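Breakdown of the fold
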Amino acid sequence: MIRDANVNDVPVIRDLINSHAERNRMLFRSLADLYESVGSFKVFEADGQVVGCCSLHVYWWDIAEVKSLAVHDDHQGRGAGRELVKAVIEMGRQYKVGRIFTLTLEKDFFVKLGFEQVPMDSLPLKVWSDCVHCPKQDCCDEIALLFELGGK
Ligand SMILES: CC(C)(COP(=O)(O)OP(=O)(O)OC[C@H]1O[C@@H](n2cnc3c(N)ncnc32)[C@H](O)[C@@H]1OP(=O)(O)O)[C@@H](O)C(=O)NCCC(=O)NCCS
């Protein structure tokens, strides 16, 4: 089941994200950062437990990012990741954002969901704010993908 995240979910969201970040699959997020952005998160619940999360970070009128997508190891391969990305795409539609991008190591997963690979430098400068905190900023191995919503 997908639902909006609330403040009680934040410690679980932090653990989900950081368990993958420890394996260099995504960026760490702090509790402070997550409480501030809890309104942008969807969570996936299975048997009453939060086992996945994903957020939509709106940068500007025409662009947003699928951010902090994480599914617990024991629940991967059962459609949670797909449902979470579909839910944040729907958020983007409601917000009337024109384009949603992601920076990821999981290119094939996002291509299955309709994202298309684009050159990194085609994304506006505004979206690079997180790179300042990234340990891989000088050797980035992520791929940029874009989903066109049309906006308006
Ligand atoms: C990537 C991740 C979110 C996928 O979540 P998931 O719940 O396992 O994925 P789903 O079960 O919803 O898979 C949806 C489809 O994508 C496919 N898929 C899943 N992971 C894939 C991968 N790594 N590469 C290619 N295809 C993948 C599935 O086979 C499924 O295909 P189908 O529709 O043909 O059956 C999850 O593996 C994860 O949390 N990884 C670690 C964190 C991470 O890398 N996050 C992304 C950062 S941007």
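Quick look at the structure, then. (Residues numbered from 1 in each chain as written. Predicted model: local features only at pLDDT ≥ 70, side-chain atom pairs only at ≥ 80, totals over all residues. Heavy atoms only, no water.)

**What about the packing of aromatic side chains?**
Scanning the model with the defined rule gives four aromatic pairs in all. Ring geometry for phenylalanine 109 against phenylalanine 110: centres 5.1 Å apart, planes inclined by 85°, an arrangement best described as edge-to-face. Among the aromatic residues, those joined into a cluster by ring pairs are Phe109, Phe110, Phe115 and Phe147. (Phe/Tyr/Trp six-rings, centres within 6.5 Å; stacked < 30°, edge-to-face > 60°.)

**Some words on helix α3 (residues 80-95)**
Compared with the 22 Å implied by 1.5 Å per residue over 16 residues, the 23 Å span of α3 between its first and last C-alpha is a close match. Just downstream of α3 lies lysine 96, where phi reads positive at about 60°. (Helix = DSSP H or I, 4+ residues; strand = E, 2+ residues; numbered from the N terminus. Expected span 1.5 Å × (residues − 1).)

**Things to note about the site of the ligand**
The full set close to the ligand counts 19 residues, and Val71, Gly77, Gly79, Arg82 and Glu106 are the nearest of them. Within the backbone of glycine 81, a nitrogen or oxygen atom sits 2.8 Å from an oxygen atom of the ligand. Here an oxygen atom of the ligand sits 2.9 Å away from a polar atom, N or O, in the side chain of lysine 112. Against a free-state accessible area of 900 Å², the protein chains account for coverage of 74% of the ligand. Breaking the shell around the ligand down by element, the ones donating at least two residues are β4 (63-71), α3, β5 (99-104) and α4 (107-112). The residue inventory of the shell around the ligand, partitioned by class, reads seven nonpolar, six polar and six charged. (Near = heavy atom within 4 Å. Polar contact = N/O pair within 3.5 Å; in protein donor to acceptor, adjacent residues only side chain to side chain. Areas by Shrake-Rupley, 256 points an atom, 1.4 Å probe, with all protein chains shown as cover. Nonpolar A, V, L, I, M, F, W, Y, C, P; charged D, E, K, R; others polar.)

**Some details on the side chain of lysine 42**
With respect to the secondary-structure elements, lysine 42 resides in strand β2 (residues 41-46). For lysine 42, the side chain forms a polar contact with the side chain of aspartate 4, separated by 2.5 Å. Those residues in contact with lysine 42 that lie beyond four places of it in its chain are Ile2, Arg3, Asp4, Ala5, Gly52, Cys53, Cys54, Leu84, Ala87, Val88 and Met91. (Contact = heavy atoms within 4.5 Å.)

**Quick look at the nonpolar core**
The biggest cluster of nonpolar side chains holds 22 residues, and the ones touching the most others in it are Val66, Ile89, Ile100 and Phe115. Elements with a minimum of two residues in this core: β2, β3 (49-60), β4, α3 and β7 (143-148). Filtering out sequence-adjacent residues up to four positions away, isoleucine 100 remains in contact with Leu56, Ala64, Glu65, Val66, Val88, Ile89, Gly92, Phe115, Leu145, Leu146, Phe147 and Leu149. (Core = buried A, V, L, I, M, F, W, Y, C linked by side-chain atoms within 4.5 Å. Buried < 20%, exposed > 50% of the residue type's maximum accessible area, 1.4 Å probe, protein only.)

**Details of the environment of phenylalanine 44**
Tracing the backbone shows phenylalanine 44 in strand β2. Considered as a pair, phenylalanine 44 and alanine 70 are 26 residues apart in the sequence and their alpha carbons are 9.9 Å apart. Those residues in contact with phenylalanine 44 that sit more than four places away from it in its chain are Met1, Ile2, Gln49, Val50, Val51, Gly52, Ala80, Glu83 and Leu84.

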